[in-house]
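A closer look at the structure
Take a look at the letters that make up each chain.
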Amino acid sequence: MKKNLVVVGFGGMGSWHADHALESDVVTLKGIYDIDPAKSALAKSHGIYAYSSYDEVLADKDVDIITVAIPNDQHKDVVVAALNAGKHVLCEKPVTLSTELLLEMIDAANKNDKMFSVHQNRRFDVDYLAMKTIHDRGEIGDIFNIESRVHGSRGIPSDWRGKKEFGGGMIYDWGIHLIDQIMMIKGKDIKKVYCRLDNITNKEVDDGFKLELYYGDSSRAYIELGTYNFIALPRFYMQGTKGTAIITDWRENAKIVKCKHWHESDVLPVENAAGLTKTMAPRDSVTVDEYEFERPVSDVHDYYRNFCDAIEKKADLMVSNEDMLFDIKVMEAAFRSAKSGQVIDF
């Protein structure tokens with residue numbers, strides 16, 4: 001039987017959730033709630049019921065799941081109230097702004113025996129899934145470096161995301177996604193963190209960042225987000241002991257160059273700029289294989305399917321409380337490093 005869902009916050013992501021709920025095979029959109037009368041009117045114009053208050057949502061015994069899609073600073077109180085009212089809760093990312101607040105939310109979920117998770121929808125991005133598959137299969141050997149970048153040129157959206165009081169900034173907005181993706185690929189054995197923040201178009205919150213994560217096996221992950229890049233660098237770049245993988249753009253397939261033979265019998269020098277080099281001589285088909293990696297299949301509806309299965313005790317949560325805590329701790333460490341200008345222990 002389908003679960004009844006209410007979306008709280010009918011903005012960009014809230015409307016995204018509502019649209020997908022209307023097509024879902026596991027949830028039924030019971031309605032939405034938004035403090036903005038214009039958003040409520042918009043929902044009604046699309047035949048969606050708009051609750052008059054949050055109290056009305058919480059009092060509705062037919063509501064099984066509440067999805068929270070409101071500004072970051074407001075998540076904790078709204079989520080805890082829903083859990084205390086006996087609802088299962090999905091929250092937009094970042095789930096909250098600190099470990100302390102998140103632990104309060106998890107405690108409320110445990111006390112009320114309700115499911116609680118964060119919407120990490122970027123786990124369904126096919127570029128990320130391709131890199132994770134390449135890593136997990138050992139396609140290019142043991143990974144010693146992975147770089148994840150998202151570049152744009154429009155700055156921070158001109159809404160609450162540019163305001164510190166609402167939990168704005170790009171670490172909270174995109175960074176939490178990219179941290180989560182790296183955690184899913186490389187694991188949680190992070191030993192040190194170094195981060196630098198950008199304030200190019202916004203002086204109040206970060207409009208970009210550069211984050212380095214150093215692992216216990218001496219490998220490294222590098223995450224870069226820029227909102228003032230008019231030429232974008234590759235989306236993913238990954239180096240392993242057997243080769244290299246790259247995705248230039250999220251719309252493109254991964255390209256792999258795998259080493260077959262380390263040494264050639266005789267490497268001829270090539271002209272390079274104003275000199276000669278053997279060190280940087282290009283490889284050929286004798287020593288490497290080049291091929292594209294098939295894009296994985298992805299279905300964003302699997303997120304709600306998993307959540308409903310978890311409610312029925314048929315599956316573990318796809319995004320666990322442990323995952324949420326880890327991502328927030330990395331995010332907090334990034335801010336501490338940026339403030340101190342130092343590499344810090346994690």
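Okay, so let's go over this structure.

Basis of the calculations
- Residues numbered from 1 in each chain as written.
- Predicted model: local features only at pLDDT ≥ 70, side-chain atom pairs only at ≥ 80, totals over all residues.
- Heavy atoms only, no water.
- Helix = DSSP H or I, 4+ residues; strand = E, 2+ residues; numbered from the N terminus.
- Buried < 20%, exposed > 50% of the residue type's maximum accessible area, 1.4 Å probe, protein only.
- Contact = heavy atoms within 4.5 Å.
- Polar contact = N/O pair within 3.5 Å; in protein donor to acceptor, adjacent residues only side chain to side chain.
- Axes fitted to C-alpha atoms, helices over the stretch in contact; angles between N-to-C directions.
- Parallel < 35°, antiparallel > 145°, perpendicular 65-115°, else oblique.
- Nonpolar A, V, L, I, M, F, W, Y, C, P; charged D, E, K, R; others polar.

1. Notes on the environment of D302
Within the element layout of this structure, D302 appears in helix α8 (residues 301-311). Note on D302: relative accessible area 32%, which makes it partly exposed. Distance from D302 to V26, taken between C-alpha atoms, is 9.6 Å for residues 276 residues apart in sequence. Excluding anything up to four places from it in sequence, D302 contacts F124 and M318. Here the side chain of D302 touches R305 through a polar contact of 2.7 Å, side chain to side chain.

2. What to know about the packing of helix α4 (residues 75-84) against helix α5 (residues 99-112)
Remark: α4 packs on α5, axes separated minimally by 9 Å, with the N-to-C direction vectors making an angle of 5 degrees. Put simply, α4 runs roughly parallel to α5. On α5, the residues touching H75, K76, V79, V80, L83 and N84 of α4 are L101, E104, M105, A108, A109 and N112. Of the residues assigned to the contact of α4 with α5, the class counts are seven nonpolar, three polar and two charged.

3. Focus: the environment of V300
Assignment of secondary structure puts V300 in the loop between β15 (288-293) and α8. Between the C-alpha atom of V300 and that of R123, which follows or precedes it by 177 residues, the distance is 8.8 Å. Apart from residues lying up to four places away in sequence, V300 is in contact with W16, H20 and F124.

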